[in-house]
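As a plain string of letters, each chain reads:
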Number of protein chains: 2
Amino acid sequence: MKLDEISRPIESELARFREEFKQTMTSEVGLIDKVAGYILRQKGKQARPMLVLLSANIAGGINDSTYRAAALVELLHTATLIHDDVVDTADMRRGLPAINALWKNKVAVLMGDYLLSRGLLLALKHKDHRFLEIISDAVKRMSEGELLQIEKTRSLDIDEATYFKIISDKTASLISTSCEIGAVSASSDSDVQQKLRACGEAIGIAFQIQDDILDYLGKSSKTGKPVGGDIKEKKITLPLIYALENADAQKRKEVIALLKSDKKRTLFSEEIILFATEHGGIEYAEHTAKKFVQKALDALSSFPASPSKAALELFINFAVSRQT
Amino acid sequence: MKLDEISRPIESELARFREEFKQTMTSEVGLIDKVAGYILRQKGKQARPMLVLLSANIAGGINDSTYRAAALVELLHTATLIHDDVVDTADMRRGLPAINALWKNKVAVLMGDYLLSRGLLLALKHKDHRFLEIISDAVKRMSEGELLQIEKTRSLDIDEATYFKIISDKTASLISTSCEIGAVSASSDSDVQQKLRACGEAIGIAFQIQDDILDYLGKSSKTGKPVGGDIKEKKITLPLIYALENADAQKRKEVIALLKSDKKRTLFSEEIILFATEHGGIEYAEHTAKKFVQKALDALSSFPASPSKAALELFINFAVSRQT
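So, how was this worked out
Residues numbered from 1 in each chain as written. Chains lettered and ligands numbered in written order. Predicted model: local features only at pLDDT ≥ 70, side-chain atom pairs only at ≥ 80, totals over all residues. Heavy atoms only, no water. Helix = DSSP H or I, 4+ residues; strand = E, 2+ residues; numbered from the N terminus. Buried < 20%, exposed > 50% of the residue type's maximum accessible area, 1.4 Å probe, protein only. Contact = heavy atoms within 4.5 Å. Buried area = accessible area lost by both parts, 1.4 Å probe. Salt bridge = Lys/Arg side-chain N within 4 Å of Asp/Glu carboxyl O. Polar contact = N/O pair within 3.5 Å; in protein donor to acceptor, adjacent residues only side chain to side chain. Axes fitted to C-alpha atoms, helices over the stretch in contact; angles between N-to-C directions. Parallel < 35°, antiparallel > 145°, perpendicular 65-115°, else oblique. Left-handed = near helix turned anticlockwise from the far one by under 90°. Nonpolar A, V, L, I, M, F, W, Y, C, P; charged D, E, K, R; others polar. Core = buried A, V, L, I, M, F, W, Y, C linked by side-chain atoms within 4.5 Å. Domains from an automatic or database assignment. Expected span 1.5 Å × (residues − 1). Arc of directions from axis to C-beta. Least-squares fit on C-alpha atoms with pLDDT ≥ 70 in both. Disulfide = S-S within 2.5 Å. Phe/Tyr/Trp six-rings, centres within 6.5 Å; stacked < 30°, edge-to-face > 60°.

### Description of the overall build of chain A
The helix and strand inventory of chain A stands at 16 helices and two strands. Here chain A holds 324 residues, and the buried ones make up 60% of them. For chain A, long-range pairs separated by at least 24 residues make up 76% of all intrachain contacts whose partners lie at least 6 apart in sequence.

### Remarks on the environment of B:Leu214
Along the chain, B:Leu214 turns up in helix H9 (residues 190–217). Between the C-alpha atom of B:Leu214 and that of B:Thr324, which follows or precedes it by 110 residues, the distance is 7.5 Å.

### Some remarks on the interface of chain B and chain A
Listed by partner, the interface residues are 39 residues for chain B and 39 residues for chain A. Roughly 3,900 Å² is buried in total at the junction of chain B and chain A, and carbon and sulfur atoms are behind 73% of that figure. It is B:Lys106, B:Leu110 and B:Leu147 that lose the most area in chain B upon contact with chain A, and together they represent 16% of the buried surface on that side. Connecting chain B to chain A are zero salt bridges. If you look at where chain B meets chain A, you find six residue pairs in polar contact (both at pLDDT 80 or more). When residues of the side of chain B that touches chain A are traced back to their parent elements, those giving at least two are helix H3 (30–41), helix H5 (64–87), helix H6 (99–125) and helix H7 (129–155) of chain B.

### Side note on the packing of H9(B) against helix H15 (residues 281–300) of chain B
Two numbers describe a pair of packed helices, the interaxial angle and the distance between the axes. Residue and element names in this part refer to chain B. The contact between H9 and H15 brings their axes to 8 Å, and the two run at 160 degrees. Viewed along their axes, H9 and H15 adopt a mutual orientation that is roughly antiparallel. For the element pair H9 and H15, the recorded crossing hand is left-handed. Contact residues: H9 offers Lys195, Leu196, Cys199, Ala202, Ile203, Ile205, Ala206, Ile209, Ile213, Tyr216 and Leu217, while H15 offers Ile282, Ala285, Glu286, Thr288, Ala289, Phe292, Val293, Lys295, Ala296, Ala299 and Leu300. Residue classes in the contact of H9 with H15 are distributed as 18 nonpolar, one polar and three charged.

### Concerning the nonpolar core
Judged by nonpolar contacts, the single largest core of 216 residues is most densely connected at A:Ile209, A:Leu312, B:Ile209 and B:Leu312. Lining this core are residues from two domains, each supplying at least three of them: domain 1 (1–188) and domain 2 (219–298) of chain B. When near neighbours in sequence (up to four residues on either side) are disregarded, A:Ile209 contacts A:Tyr163, A:Phe164, A:Ile167, A:Leu238, A:Ala285, A:Thr288, A:Ala289 and A:Phe292.

### Brief notes about helix H2 (residues 11–24) of chain B
Residue and element names in this part refer to chain B. Compared with the 20 Å implied by 1.5 Å per residue over 14 residues, the 20 Å span of H2 between its first and last C-alpha is a close match. Turning to H2, its buried residues number three or more, namely Leu14, Phe17, Phe21 and Thr24. In a view along the axis of H2, the buried residues occupy a sector of 70 degrees, so they form one face of it.

### Describing the relation of the copies chain B and chain A
Mapping chain B onto chain A leaves a residual RMSD of 0.0 Å; the transformation is a rotation of 180 degrees accompanied by 0.0 Å of translation along its axis. Taken together, these values place the two copies in the relation of a two-fold axis. When the interface residues of chain B are mapped onto chain A, 100% of them again fall at the interface, so both copies present the same face.

### Some thoughts on the packing of H9(B) against helix H16 (residues 307–321) of chain B
All names here are of chain B. With their axes 7 Å apart at the nearest point, H9 and H16 run at an angle of 25 degrees to one another. Accordingly, the angle class assigned to the pair H9 and H16 is roughly parallel. Of the residues in H16, those touching H9 at Leu196, Cys199, Ile203, Ala206, Phe207 and Gln210 are Leu312, Phe315, Ile316, Ala319 and Val320. Class assignment for the residues of the contact of H9 with H16 results in 10 nonpolar, one polar and no charged.

### Considering H3(B)
Residues and elements named next belong to chain B. Compared with an ideal rise of 1.5 Å per residue, which puts 12 residues at 16 Å, H3 spans 17 Å between its outermost C-alpha atoms and is within 8% of the ideal. Residues of H3 that are buried: Leu31, Ile32, Val35, Ala36, Tyr38 and Ile39. In a view along the axis of H3, the buried residues occupy a sector of 160 degrees, so they form one face of it. More than 90 degrees from the buried face of H3, the exposed residues found are Lys34 and Arg41.

### Some thoughts on the state of the cysteines
Residue and element names in this part refer to chain A. By the definition in use, this model includes zero disulfides over all chains. Left unpaired, Cys179 is separated from the closest cysteine sulfur, that of Cys199, by 5.3 Å. On the accessibility criterion, Cys179 (0% relative accessible area) is buried.

### Remarks on the pattern of salt bridges
Residue and element names in this part refer to chain A. Within this structure, the stated rule accounts for 26 salt bridges over all chains. When the shortest N-O distance is used, the salt bridge between Arg141 and Glu201 registers 2.8 Å. Here Glu201 lies in helix H9 (residues 190–217) and Arg141 lies in helix H7 (residues 129–155), a separation of 60 residues in the sequence. Residue Glu201 is classed as buried on the basis of its relative accessible area of 14%. When the shortest N-O distance is used, the salt bridge between Glu201 and Arg197 registers 3.8 Å. Of this pair, Glu201 and Arg197 both sit in helix H9, four residues apart, which is roughly one turn of that helix. Judged by relative accessible area, Arg197 falls into the partly exposed class, the value being 26%. Each of Arg141, Lys165, Asp169, Arg197 and Glu201 takes part in a single network of salt bridges with overlapping partners.

### Thoughts on the packing of aromatic side chains
For any two aromatic rings, the description comes down to two numbers: the centre-to-centre distance and the angle of the planes. All told, the structure shown has 10 aromatic pairs over all chains when counted by the stated rule. Here the aromatic rings of A:Tyr242 and A:Tyr284 are separated by 4.1 Å at their centres, their planes lie at 15 degrees, and the arrangement is stacked. Highlighted residues: A:Tyr242 in helix H12 (residues 238–246) and A:Tyr284 in helix H15 (residues 281–300), separated in sequence by 42 residues. Note on A:Tyr242: relative accessible area 22%, which makes it partly exposed. For the ring pair B:Phe17 and B:Phe21, a centre distance of 5.5 Å and an interplane angle of 20 degrees mean the geometry is stacked. Here B:Phe21 and B:Phe17 lie together in helix H2, a separation of four residues that amounts to about one turn. Assessed through its relative accessible area of 0%, B:Phe17 is described here as buried. Three or more aromatic residues link up through ring pairs in this structure, and these residues are A:Tyr163, A:Phe164 and A:Phe292.

Listed below in structure tokens is the structure:
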């Protein structure tokens, strides 16, 4: 896993972050502590706190408020994952049973709300009002993006512009927030803040396109998600959008009919994958993801070379090179 | 409905609130507007905005920030109701299908998150940081209270002290918040703020005890909830706690065994209702609710007479006189 390499310049800071993050999740209520302990054991890649710390270093240097910014982002991300699991009725998360599968939806929704409130209180206590603005805007964009996707999935009416609106709101918003909030914690220069925000936004878009490509190509054992999962849910992503736009009218009609039908799901997704591949959809999506990688790298170009900048550049490339 | 009488002194202010509240729910995403419109049509009693407005009047007078405070409370309350419906897998809310029943859990969870973010952004935009502190603390208490109840329901281990901790966190917190935030919007006198907060806390506790009594006595057609619903979920509330404490050892053992059994649910709740009634549980709960009504009235005693104070006193009495 490349992430180890990426986190090298901020190893000790990441350790301090983990300690502070753990503190924000304690409670007098036994059940909360139990679920929180479980969440901490499940702990993911902590990519977002890494982005906060790296961006802060690039912008001027990590300080006390950077750790709170990182905790805020990770609390929000964790709350979102827990709510997502309810929403997707997922049974597994990072190879372990999901909170909602172990404790039922009720506990999952409440635990998500609890974590959000802890994040808010932490920020308010330290008068981190600017952090809160950035974070609240991310919550708004994330829910808007997901709801737009649901609306569009239902009508099977989705073009490239809508696709980019959805993925930038639902996925790129929090990655962009991570970079921006790190920059804000370390510098009051709005140009610096804006560059790192733009870098994060481009990373997020590249990351989601790669996710959508992996739904067409990935092996289930690697991603932990079944291949073709999105297709079965009739989520139309970039490979398919491109293929539909570039197929002849007759073929397009057939595929749309197939999407609308209730044909046996497995067979169905195999046909769609084949169609998207044959019509250059995968290739186009890979090409587009690389364009956003370049955009992210360009946003960093004016910052002087440093171990943190080099690590962030590694991260940017990782967004599209990853196979899981 | 007595609430009409209560709202009389703030009729025009309530109308302005409704207009501002509607504005906070608009979105460019069609699905959000659709769900928001549905929520607005479902609109409940708006008891909490009323409390905000009345408390502000009592504390010194409604001003622009009071409307934002009321919108904030109602956004949070609405988000909580939507999440509650997911959590309780409720199909109906105020006589109409619940959001999650019409649009599935996914939309309900996301819509709740969206409303929370709108509330946050509204408050941050106006630098209402004290409002946010009060509201965030309420979210924390509400989720803690619910999670504590789940923990205790599972173990059937609940005494009076735990019961009061649960209902004050899960229910009284937001009612107390409504009164406090109204007061804070209108007065910087911490004594005034504290008295209205205490008044709201006592109202909330009386309100929840009455709710729990109605689960034993109410007619399903009035409350819109089935009688004995809590009992079927093995939620142990005040009537039963008192009865268990005052039954002889043998009878207590039998009832606990009954609670632990998987006996046919309907029969089961009838037996529990009979047991609680015969052992004075209902009577005790009614007596206790009245004590909190008195506490709420006492908290107001030092404020001069006014139409808003009289209306709030009506509200306090309504908390226990209501049959739905």
